[in-house]
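Architecture at a glance
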Amino acid sequence: MPSKVAPDATVYVVWIKPRNGVPQNVGAMILNKNLEGSLDTVTSHNRFQVIITPEPSGRVREATHEPVFTSNVKAK
């Protein structure tokens, strides 16, 4: 539950941050009762960072809380 990480959070937002770019909100990931969630999205970037933050809304334009997950991606 996002609210356990940040009191005002209702969703986890997934961000894609291209190399030398700014993070872009690509959607909200809502967890089920088993704390499982997913988000399907497409990007034209072949090197980027995936960042997940707890947020009060899926429509935020910048992260308001620290990430709970970060991973670097390099497409082949």
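See the structure printed just above.
Summary of the structure given here. Treat the numbers as computed from the prediction; the structure is a model and nothing was measured.

**Remarks on the overall build of the protein chain**
Helix and strand counts for the protein chain stand at 0 helices and 4 strands. The secondary structure elements of the protein chain, listed N-terminal to C-terminal, are β-β-β-β. Computed over its C-alpha atoms, the radius of gyration of the protein chain comes to 12 Å, within 12% of the 11 Å expected for a compact globule of 76 residues. By the burial criterion, 26% of the 76 residues in the protein chain qualify as buried. Within the protein chain, residue pairs in contact and separated by at least 24 positions form 49% of the contacts whose partners lie at least 6 positions apart. Each charge sign in the protein chain was given a centre, from 9 positive and 6 negative side chains, and these centres are 10 Å apart.

**Describing the nonpolar core**
Core analysis: the biggest nonpolar cluster contains 7 residues, these being Tyr12, Val14, Ile16, Met29, Phe48, Val50 and Ile52. Of all the secondary-structure elements, those providing two or more residues to this core are β1 (11-18) and β3 (47-55). What Ile16 contacts, discounting residues up to four positions off in sequence, is Val22, Pro23, Gln24, Val26, Thr41, Thr43, Phe48 and Gln49. Membership of the second largest hydrophobic core comes to 5 residues, among which are Val13, Trp15, Ile51 and Val60.

**Some details on the side chain of Thr53**
Mapped onto the fold, Thr53 is located in strand β3. Reaching out from Thr53, the side chain makes a polar contact with the side chain of Glu55 at a distance of 2.7 Å. Those residues in contact with Thr53 that lie beyond four places of it in its chain are Val11, Tyr12, Val13, Trp15, Ala63, His65, Glu66 and Pro67.

**Details of unusual backbone geometry**
Apart from glycine, the bulk of residues carry a negative phi angle, and the bulk of peptide bonds sit in the trans form. Positive phi values are uncommon outside glycine, yet Asn20 reaches one of about 60 degrees. Within the fold, Asn20 resides in the loop between β1 and β2 (24-29). Taking relative accessible area as the criterion, Asn20 reaches 79% and is therefore assigned exposed. Of note in this structure, Leu35 is not a glycine but carries a positive phi near 60 degrees. Structurally, Leu35 is set in the loop between β2 and β3.

**Here's the deal with the pairing of β3**
With 7 of its 9 residues buried, β3 lies for the most part within the structure. Relative to strand β4 (residues 69-74), β3 is paired through 6 bridges, and the arrangement is antiparallel. Directly across from Phe48, in β4, lies its bridge partner Val73.

**Overview of the pairing of β1**
Across a regular strand the side chains alternate sides, sitting on one face of the sheet and then on the other. Counting buried positions along β1 yields 7 of 8 residues, so the element is predominantly enclosed. In this sheet, β2 lies alongside β1 in antiparallel orientation, the contact comprising 5 bridges. Note on β2: the bridge partner recorded for Trp15 is Asn25. Hairpin connection of β1 to β2: 5 residues between the antiparallel strands, including Asn20 at a positive phi of 60 degrees.

About the criteria used
- Residues numbered from 1 in each chain as written.
- Predicted model: local features only at pLDDT ≥ 70, side-chain atom pairs only at ≥ 80, totals over all residues.
- Heavy atoms only, no water.
- Helix = DSSP H or I, 4+ residues; strand = E, 2+ residues; numbered from the N terminus.
- Rg over C-alpha atoms; globule rule 2.2 N^0.38 Å.
- Buried < 20%, exposed > 50% of the residue type's maximum accessible area, 1.4 Å probe, protein only.
- Contact = heavy atoms within 4.5 Å.
- Lys, Arg positive; Asp, Glu negative; His and termini not counted.
- Charge placed at Lys NZ, Arg CZ, Asp CG, Glu CD.
- Core = buried A, V, L, I, M, F, W, Y, C linked by side-chain atoms within 4.5 Å.
- Polar contact = N/O pair within 3.5 Å; in protein donor to acceptor, adjacent residues only side chain to side chain.
- Pairing = 2+ DSSP bridges.

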